[in-house]
Amino acid sequence: MQLLHRGDVGPAVAEIRNTLAALGLLPAPNGRPGPAVFDEAVEHAVRVFQQQRGLITDGVVGPATYRALTDARWRLGDRSLAFLVSKPISGDDVFALQERLLELGYDAGRPDGIFGRETEQALRSFQRDYGLNPDGICGPSTLRALKQLAPKVRGGRPVFLREQEKVRRAGPRLRGKRIVIDPGHGGPDRGARVGDVCEADLTWDLARRLEGRMVATGMEALITRGPNSCPPDADRATFANEAGADMFLSLHIDANCSPLAEGVATFHFGTGNGTTSTVGEALAGFLQREIVARTRMKDCHTHPKTWEVLRLTRMPAVRVEIGYLSNAGDRSRLLDPAFRDVVAEGLLVAVKRLYLLGKDDQPTGTFTFDDLLRHELARAEGA
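Before going into details, it helps to say that this report is about the structure given with it. Nothing here was measured: the structure is a model prediction, and the numbers come from that model.

The phi angle at His 185 is positive, at roughly 65°, despite the residue not being glycine. Residue placement: His 185 occurs in the loop between β1 (178-183) and β2 (193-194). The residue His 301 is not glycine, and still its phi comes out positive at about 70°. Its relative accessible area of 47% is what places His 301 among the partly exposed residues.

Dropping the structure here:
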């Protein structure tokens, strides 16, 4: 879709204004016809909405923001919900249904706002237990039953508990683990750009450096794109899901209108209201601390987000923003191949730390690639 930003006019802007007004982020239309303008008030409302939804807060309505606005129109009970293979239903009403089923102790999978097979199975189980027709359709009778019951589960999510157990059972060795590396942008989408330096080239180079190190440890490393392609985020998540990956690492480099913006930040799946991938959050913390300790870059901390590559993946997923191309200091370091080697080593060591579960660990920033290889060899000989 065409990006919508301040100064744009037309029917698409009118739709955005109406949606924002329905969400209480803009004054309701007063009934007098007039040009639908994407003005300062609309931009502010879009930024507030993006902040609430864990999206990039740029005040621009792109595909991700538009989908989130569309989903936000729906409240549980506005329509019947069912699993449609050809075009799955999505929306805030689906998210509310998933959260409700999870509270009642039914495993609806990751609450992603998409009515998929797991949601249908959880709904059928609830209907069967409650004496309803187990048709997998959330209609009026099912909705009434959902509202009548008190929650059984607080603070726990089966899908995230399974993530933790899978990491525990996987053991400390890296050999055999399948990791999907996602270099941001690509093809015609060059990402952040300053002069002839662009994000897509740097993330591709970093992905290849990380891939080589992972393969050397016996891991299976898969990359979501080639140097001349740029699949949508949803396709990158699908690629990881179909590959049965154990982990998803998305690599990006940021930019800002202010040349003073600098540093590294890491993101994991989380809605901001308590629903979060606990393993993803732990991995994000390891990645953030390793990179900061090794590079002395500014620590911009870890954050929960609902971006598609984090929300649609069925394994722990993180996205790392490694510096700002718009900052002269960060840019000069990113252009140094030796620096990118340091970052790649830090990323790999952070993955290792996750699987170590605190055993045989070393202080952050001190575990080297050679140490890691020796650790892997010792584990192999002791097996």
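Once you've had a look at it, read on.
Quick look at the packing of aromatic side chains now. The description of an aromatic ring pair rests on the distance of the ring centres and on the angle between the ring planes. Applying the stated criterion across every chain yields a total of three aromatic pairs. Between the aromatic rings of Phe 126 and Tyr 130, the centroid separation amounts to 5.7 Å while the plane-to-plane angle is 15°, which identifies the pairing as stacked. With Phe 126 and Tyr 130 both in helix α5 (residues 117-130), this residue pair falls four residues apart, about one helical turn. Judged by relative accessible area, Phe 126 falls into the buried class, the value being 1%.

It is worth spelling out the side chain of Asn 327 at this point. Turning to its location among the elements, Asn 327 is positioned in the loop between β8 (317-324) and α12 (328-334). Separated by 3.0 Å, the side chain of Asn 327 and the backbone nitrogen of Gly 329 make a polar contact. A polar contact of 2.9 Å, which involves the side chain of Asn 327, links it to the backbone nitrogen of Asp 330. Excluding residues that lie within four positions of it along the chain, Asn 327 makes contacts with Pro 259, Leu 260, Ala 261 and Glu 262.

Taken in spatial order, the six strands of this open sheet run β4-β1-β5-β8-β6-β7, and their pairing is mixed. Looking at which strands have only one partner, the edges of the open sheet turn out to be β4 (220-223) and β7 (299-305). The average angle at which neighbouring strand axes cross in this sheet is 20°, direction not considered. Pairing geometry for β1 and β4, over four bridges, is parallel. Following the sheet pairing, Ile 179 is matched in β4 by Ala 221. Sheet strands in contact with helix α8 (residues 199-216) are β1, β4, β5 (247-254) and β8, and its direction is about 145° off that of β5. Most of the contacts of helix α10 (residues 278-295) go to strand β6 (residues 264-269), to which it runs at about 170°, and overall it touches β5, β6, β7 and β8.

Calculation rules
Residues numbered from 1 in each chain as written. Predicted model: local features only at pLDDT ≥ 70, side-chain atom pairs only at ≥ 80, totals over all residues. Heavy atoms only, no water. Helix = DSSP H or I, 4+ residues; strand = E, 2+ residues; numbered from the N terminus. Buried < 20%, exposed > 50% of the residue type's maximum accessible area, 1.4 Å probe, protein only. Phe/Tyr/Trp six-rings, centres within 6.5 Å; stacked < 30°, edge-to-face > 60°. Polar contact = N/O pair within 3.5 Å; in protein donor to acceptor, adjacent residues only side chain to side chain. Contact = heavy atoms within 4.5 Å. Pairing = 2+ DSSP bridges. Axes fitted to C-alpha atoms, helices over the stretch in contact; angles between N-to-C directions.

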